[in-house]
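Residues per chain, in single letters:
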Amino acid sequence: MKTQNQQRPLNALDRLESAMAWGRKNLEPVRISGVVTEVAMSHYRVAGLSRFLKLGECVSLDIGDRVQYGEVVRIENGHVTLKPFESRCDAGIGTRAYRAENLSLSPHPKWKGRAVDALGRPIDGGGPLELGERVMPLDAEPPAALRRARVKRPIKTGIRVIDLFSPLCAGQRIGVFAGSGVGKSSLLAMLARAPDFDTVVIALVGERGREVREFLDDALAAYRSEAVAVVSTGDESPMMRRLAPKTAMTIAEYFRDRGDAVLLIIDSVTRFAHAARDVALAAGEPAVARGYAPSVFSDLPRLLERAGPGEEGGGSITGFFSVLVDGDDHNDPVADSIRGTLDGHIVLDRAIADQGRYPAVNILSSISRLAHYGWTADQRALVARLRTLIARYEDTRDLRLMGGYTPGADPTLDQAVNIVPKIYEAMTQAISAPLSEDAFQELAAALTAEIKPDKPTK
């Protein structure tokens, strides 16, 4: 009879388990690889990986002592097409390409006050980032429509012209439509100082390198400690510019899920669309609308829908998305697509900026689809009356310039001529000025005595 100290003989399963344990400890893992067969300015192709990859997955290249990454944008029988994240691809024919992990982030509350690139790597010289326990994909799905909280809670931006004429709610998504040089970045900097938010996440997409420091050090200044900046300058690759808004959105979702009221600013969505167009054309998609491929108009709502309220009881992401309208054409395909997706839009007018009125908001063209939550009944009536006067004032501008206006002939026009310039003066607000405490109260003292309800007709 065998004693307890005697071991039973090893069977085949035991020997296999022992061999596997030794292999895991002493052998390198098997890596699926392919070979670069074509290199172009905008993309490169790899043979041998098409059966192991899906669209959007990543591939790594060992180039000397560096590793470069690319994303799969097209899969064919025997080849995959990849777009590099670097500004140029240093691969050569025959370079080995390996399947890599998909891009993800592990945000942490200590990321506040830091600046990162589109891949989540620190660029501010502040040392390594502390990583959180939760791993978040960069292409997450938005919360289910029927589980999302309602958007009802009004917020103050401190910008009089917005709080008066286009009031916003927490979780709303707003577009800021403007041509170049009309004060778009200055308005976004003012919005970043809004008092009703716990965390600010800013994506600077395709910006000039000079403006990044100016925005972070001057515009944010005292609010920098509550902000996370994601930066992808104009000289970086289309892949990085396309990725930066997704990185910012992922960071915003992390803070939203912690219960924070998050302000997300993406400047600009147009440059994201330009980068997405470059990627789509490299993948062989046809251009259908002013050079934009069909997938661009799918990428835009997929990104924008991730902003907004979270599930009931959680936080929210209030999104401001700047839209650079080329040649001041507000019917540009990208601007038109974004306008239909968002919950309102603020239009900056070059003619107003030329008059020296900043923010150069066109009151009549700007709209908030949730403004009724921000107004009382009396305020709604007052704003309607002010809009009527502004519309009459602007419609008769040419007539008045030609000398065709006679005081006393039209009482409404007389009132508009008297009051609208005062409204415009009250709405002027420099970026260095303090934020407004109560926009209606600040305007009421100047205008209440001037605006009287229409007398009933006999």
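This text follows the structure it describes.
The text that follows walks through the structure, step by step, so that each part is easy to find. (Residues numbered from 1 in each chain as written. Predicted model: local features only at pLDDT ≥ 70, side-chain atom pairs only at ≥ 80, totals over all residues. Heavy atoms only, no water.)

1. A word on helix α10 (residues 377–395)
The first and last C-alpha atoms of α10 sit 27 Å apart over 19 residues, in line with the 27 Å expected at 1.5 Å per residue. Taken together, the buried positions of α10 are occupied by Val 383, Arg 385, Leu 386, Leu 389, Ile 390 and Tyr 393. The arc enclosing the buried residues of α10, seen along the axis, measures out at 160°, which places them on a common side. Opposite its buried face, α10 presents the exposed residues Ala 377 and Asp 395, each directed more than 90 degrees away. (Helix = DSSP H or I, 4+ residues; strand = E, 2+ residues; numbered from the N terminus. Expected span 1.5 Å × (residues − 1). Buried < 20%, exposed > 50% of the residue type's maximum accessible area, 1.4 Å probe, protein only. Arc of directions from axis to C-beta.)

2. Section: the packing of helix α7 (residues 296–304) against helix α8 (residues 333–341)
The N-to-C vectors of α7 and α8 enclose an angle of 35°; their axes lie 10 Å apart at closest approach. Considering the relative orientation of α7 and α8, their crossing is right-handed. Together, Phe 297, Leu 300, Pro 301 and Leu 304 of α7 and Pro 333, Val 334, Ser 337, Ile 338 and Thr 341 of α8 make up the contact between the two elements. (Axes fitted to C-alpha atoms, helices over the stretch in contact; angles between N-to-C directions. Left-handed = near helix turned anticlockwise from the far one by under 90°. Contact = heavy atoms within 4.5 Å.)

3. So, the packing of aromatic side chains
Evaluation of the coordinates by the stated rule reveals three aromatic pairs. Each ring, one from Tyr 254 and one from Phe 255, has its centre 5.2 Å from the other, and the planes form 80°; the classification is edge-to-face. The exposure classification of Tyr 254 matches that of Phe 255, with both residues buried. Above the ring of Tyr 292, the side-chain terminus of Arg 277 is found at 4.6 Å from the ring centroid. When the ring centre of Tyr 424 is taken as origin, the NZ or CZ atom of Arg 357, which lies over that ring, is 3.6 Å away. (Phe/Tyr/Trp six-rings, centres within 6.5 Å; stacked < 30°, edge-to-face > 60°. Lys NZ or Arg CZ within 6 Å of the ring centre and 35° of its normal.)

4. A word on the environment of Lys 152
Along the chain, Lys 152 turns up in the loop between β9 (136–137) and β10 (154–155). The exposure class of Lys 152 is partly exposed, given its relative accessible area of 42%. Along the primary structure Lys 152 and Ala 170 are separated by 18 residues, whereas in three dimensions their C-alpha atoms are 7.2 Å apart. Excluding anything up to four places from it in sequence, Lys 152 contacts Cys 169 and Tyr 373.

5. Focus on the pairing of strand β17 (residues 316–324)
Among the nine residues of β17, nine are classified as buried, and the element is accordingly described as predominantly covered. Going residue by residue along β17, you find Ser 316, Thr 318, Phe 320, Ser 322 and Leu 324 tucked away on one face and Ile 317, Gly 319, Phe 321 and Val 323 tucked away on the opposite face as well. Examined bridge by bridge, strand β12 (residues 173–178) and β17 share six bridges and lie parallel to one another. Counterpart to Arg 173 in the pairing with β17 is Gly 319. The pairing of strand β15 (residues 261–267) with β17 spans six bridges and is classified as parallel. By the bridge assignment for β17, Ile 265 is matched with Phe 320. With two bridges joining them, strand β16 (residues 308–309) and β17 adopt antiparallel strand pairing. (Pairing = 2+ DSSP bridges.)

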